[in-house]
Amino acid sequence: MPAENYKILKNNINEAALRSGRNPDSITLIAVTKTVTVEEVRRAVNLGITDFGENRVQEAKPKLKQMPELRWHFIGHLQSNKVKDVLPHYILIHSLDRLSLAKELQRCAEKFERSAEVLVQVNTSGEASKFGLEPEKLPGFLEQVSGYNRIRIKGLMTMAPFVDDPEETRPCFSMLRRLREENIRAGFALPELSMGMTNDYQVAIEEGATMVRIGSAIFGQIKQ
Ligand SMILES: *Cc1c(COP(=O)(O)O)cnc(C)c1O
């Protein structure tokens, strides 16, 4: 029952924010709608949710087409040949992780005469299965992408490993926060930290998340 799920979730987000001395309003809840129906998305809108996340270009298309007015975030791995389908329809791409993708984003943004708002995805867990830039490559990458005038880097994104005890994810999130601080000192503006999912959002908020991406806790168990 989404309404009850949402109430519990909001309450948990508020408490985690207060524990870390932050205003709960500074945290954006992104409802991850992969595999949920248009009707369920509409119900979520009625609850007051404004931001939505999808991770697969093709599967998201019908939803975006029916509800283009919503704030859609692209949170999945992005192939360069799909950039043209993503850029016009999403307000933020959370998964910039390589220079070849930056080049394609710049090219398409020029073509569409717009900017590309992105987060840089960092692999903070070192797992080979996870996408994302290696942390030590981040400063050089930010420097290179700053040469692309159509790309606006808004912050960083990471995914922690799925573990039973969410406390084990804390090092990933604190690493992302530290990387942001180091690179802000180097002169980059990185306001957003997109981190935390159903299993670990409270820890992520305690470590400074400004955006949490949550599916199962809102819509019930979601198939990957
Ligand atoms: C599916 C997904 C989420 C949400 O996962 P839940 O565990 O259902 O909250 C968040 N981020 C990304 C990148 C995802 O693919």
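The rules behind these values
Residues numbered from 1 in each chain as written. Predicted model: local features only at pLDDT ≥ 70, side-chain atom pairs only at ≥ 80, totals over all residues. Heavy atoms only, no water. Near = heavy atom within 4 Å. Polar contact = N/O pair within 3.5 Å; in protein donor to acceptor, adjacent residues only side chain to side chain. Areas by Shrake-Rupley, 256 points an atom, 1.4 Å probe, with all protein chains shown as cover. Nonpolar A, V, L, I, M, F, W, Y, C, P; charged D, E, K, R; others polar. Salt bridge = Lys/Arg side-chain N within 4 Å of Asp/Glu carboxyl O. Buried < 20%, exposed > 50% of the residue type's maximum accessible area, 1.4 Å probe, protein only. Helix = DSSP H or I, 4+ residues; strand = E, 2+ residues; numbered from the N terminus. Contact = heavy atoms within 4.5 Å. 1 Å grid on protein atoms, 1.4 Å probe; cavity = no way out; pocket = protein on both sides within 12 Å on 5 of 7 lines; lining within 4 Å. Points joined across faces, edges and corners; volume = space filled by probe spheres on them. Phe/Tyr/Trp six-rings, centres within 6.5 Å; stacked < 30°, edge-to-face > 60°.

Caption draft 1: Spotlight on the site of the ligand. Around the ligand, the neighbouring residues are Val32, Lys34, Asn55, Ile75, Met159, Met197, Thr198, Arg213, Ile214, Gly215 and Ser216. Side-chain polar atom of Arg213 to a nitrogen atom of the ligand: 2.9 Å apart, as the coordinates give it. Notes on the ligand: free accessible area 390 Å², of which the protein chains cover 91%. Looking at the shell around the ligand residue by residue, the class counts come to five nonpolar, four polar and two charged.

Caption draft 2: Spatial organisation of the pattern of salt bridges. With the rule as written, the count across this model stands at 14 salt bridges. The partner of Arg56 in a salt bridge is Glu59, and the shortest N-O contact between them spans 3.8 Å. The exposure class assigned to Glu59 is partly exposed, which follows from its relative accessible area of 48%. Between Glu117 and Lys154 there is a salt bridge, with the nearest N and O atoms lying 3.5 Å from each other. Taken as a pair, Glu117 in strand E5 (residues 116–121) and Lys154 in strand E6 (residues 151–157) lie far apart in primary sequence, 37 residues in all. The class for Glu117 is partly exposed, based on a relative accessible area of 22%.

Caption draft 3: Fine view of the side chain of Asn123. As for its placement among the helices and strands, Asn123 is situated in the loop between E5 and helix H6 (138–145). A polar contact of 3.2 Å, which involves the side chain of Asn123, links it to the backbone nitrogen of Ser125. A polar contact is formed between the side chain of Asn123 and the backbone nitrogen of Gly126, at a distance of 2.9 Å. Residue contacts for Asn123: discarding those within four places in its chain leaves Lys130, Phe131, Gly132, Leu133 and Pro135.

Caption draft 4: The arrangement of the layout of surface pockets in detail. By volume, the second largest pocket is sized at about 200 Å³. Surrounding the second largest pocket, Val57, Ala60, Lys61, Leu64, Lys65, Pro68, Asp85, Pro88, His89 and Tyr90 form its lining. Of all the elements, helix H3 (residues 57–66) adds the most residues to the lining of the second largest pocket, at five residues. A class-by-class count of the residues in the lining of the second largest pocket yields six nonpolar, one polar and three charged.

Caption draft 5: Structural view of the side chain of Arg22. With respect to the helices and strands, the residue Arg22 is situated in the loop between helix H1 (2–19) and strand E1 (28–32). From its side chain, Arg22 meets the backbone oxygen of Ile205 in a polar contact 2.9 Å long. Reaching out from Arg22, the side chain makes a polar contact with the backbone oxygen of Ala209 at a distance of 2.9 Å. Residues within four places of Arg22 in sequence aside, it is in contact with Ala17, Ile27, Ile205, Gly208, Ala209 and Thr210.

Caption draft 6: Up close: the packing of aromatic side chains. Under the criterion given, the structure shown has two aromatic pairs. Each ring, one from Phe52 and one from Trp72, has its centre 5.7 Å from the other, and the planes form 50°; the classification is tilted. Here Phe52, found in strand E2 (residues 51–54), pairs with Trp72, found in strand E3 (residues 71–74); they are 20 residues apart in sequence, far enough to count as distant. Considered together, Phe52 and Trp72 belong to a single accessibility category, that of buried residues.

Caption draft 7: Structural view of the environment of Asn183. Summarising the element assignment, Asn183 is placed in helix H7 (residues 170–185). Taking relative accessible area as the criterion, Asn183 reaches 3% and is therefore assigned buried. Between the C-alpha atoms of Asn183 and Val118, which are 65 residues apart in sequence, the distance is 16 Å. Beyond its immediate chain neighbours, meaning those up to four positions away, Asn183 contacts Leu138, Pro139, Leu142, Phe188 and Leu190.

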